[in-house]
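Structural overview
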Amino acid sequence: MLADFAVRWVFGLAVATAFCPVRTTPSTYFRTTCLVMLGLSVLATLAFTRVGGVQEGWGFWAMVATAAAAYVGSTAWGLGLTRVGTGALWAAAGLSGAWLIGVSFVGGGCSNFNAASRGASGFLMGTTLAAMLLGHQYLTTPTAAIEPLRRAIRLMGLGLGTRAILALAGLWLATEGGAATSPAWLYPAMRWGMGLAGPSSAAFLAWRTAELRSTQSATGVLYAALGLVLFGELVSLMLSRGGAPIL
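I will try to describe carefully the structure that is included in this document.

What counts, and at which threshold
Residues numbered from 1 in each chain as written. Predicted model: local features only at pLDDT ≥ 70, side-chain atom pairs only at ≥ 80, totals over all residues. Heavy atoms only, no water. Helix = DSSP H or I, 4+ residues; strand = E, 2+ residues; numbered from the N terminus. Core = buried A, V, L, I, M, F, W, Y, C linked by side-chain atoms within 4.5 Å. Buried < 20%, exposed > 50% of the residue type's maximum accessible area, 1.4 Å probe, protein only. Contact = heavy atoms within 4.5 Å. Phe/Tyr/Trp six-rings, centres within 6.5 Å; stacked < 30°, edge-to-face > 60°. Expected span 1.5 Å × (residues − 1).

Moving on, we come to the environment of Gly220. Mapped onto the elements, Gly220 comes out in helix 9 (residues 215–240). The sequence separation of Gly220 and Ala202 amounts to 18 residues, and the corresponding C-alpha distance is 9.8 Å.

Counting 65 residues, the largest nonpolar core has Trp9, Met37, Phe48 and Leu149 as its most contacted members. Among the elements of the structure, helix 1 (2–18), helix 2 (27–51), helix 3 (58–79), helix 4 (82–104), helix 5 (111–140), helix 6 (147–176), helix 8 (188–211) and helix 9 are those that each provide at least two residues to this core. Per element, the largest residue contribution to this core is 12 residues, and it comes from helix 1. Setting aside anything within four residues of it in sequence, one finds Met37 in contact with Val10, Leu13, Ala14, Ala70 and Leu89.

The full count for this structure, using the stated rule, is five aromatic pairs. Ring geometry for Phe19 versus Trp90: centroids 5.5 Å apart, planes at 85°, classification edge-to-face. Taken as a pair, Phe19 in the loop between helix 1 and helix 2 and Trp90 in helix 4 lie far apart in primary sequence, 71 residues in all. Residue class for Trp90 comes out partly exposed when judged on its relative accessible area of 41%.

So, about the environment of Trp90. Residues Trp90 and Val15, spaced 75 residues apart in sequence, show a C-alpha to C-alpha distance of 7.0 Å. Leave out the neighbours within four places in its chain, and Trp90 touches Ala18 and Phe19.

Positive phi, normally seen in glycine, also occurs at Arg213, with a value near 60°. Relative to the assigned elements, Arg213 resides in the loop between helix 8 and helix 9.

With that settled, consider helix 3. Count 3.6 residues to each turn of an α-helix, and residues three or four apart come out pointing the same way. The end-to-end C-alpha distance of helix 3 is 31 Å, a good match for the 32 Å that 22 residues give at a rise of 1.5 Å each. For helix 3, the complete set of buried residues consists of Gly59, Phe60, Ala62, Met63, Thr66, Ala67, Ala69, Ala70, Gly73, Ser74, Ala76 and Trp77. Positive phi shows up at Gly80, right after helix 3, with a value of about 80°.

Any functional reading would require information beyond the geometric quantities listed.
As structure tokens, then:
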């Protein structure tokens, strides 16, 4: 569970950072996100060694390679090597995405759907964290262009929309297949209210405050959005362990 959660986050953060405009975004932001990915990759690697089984094979080495890519990225961005840094970001995204696809096909089940849902979950968490970290950059560089933050919030909105659609599909599959368990119906308000509706409202508020160039307010709202997103995805992860598709 911990490894799955960490790898999702690495994937989403890598993709969100790779789409950030290089020319108008401080290089320190890219280095920071790479360091965060490095920490999450190491956490996932340590979790693999504790779980054992299939994760100690291809999954373990995929995360080792992801951690190496994140380290190369942090070094490259620190030295101003933007092409190498961008390549490292896409490498981390590809490796972590391959892990999410591979683990979705272990043990059968709705493999294609679960792979897409894991990717959407990671994209949502990653874009939310990326937007929050980007908001912090304006504390040290208040005159920086506002477009990178607006783009990050748009990506967050895209992640929320995609995740909501797939969560609805997962709920339908769980109902049709008879896989819904009592927890799947016990926590709908927490999963949908705090996990999707709450972050959607926060994303709208962050967008409006960014339009006013009130970056400190936008960052504060994104803090709250990140907490709500993480809560919702943790509930989703617990429900999926009960046998239902990822909701």
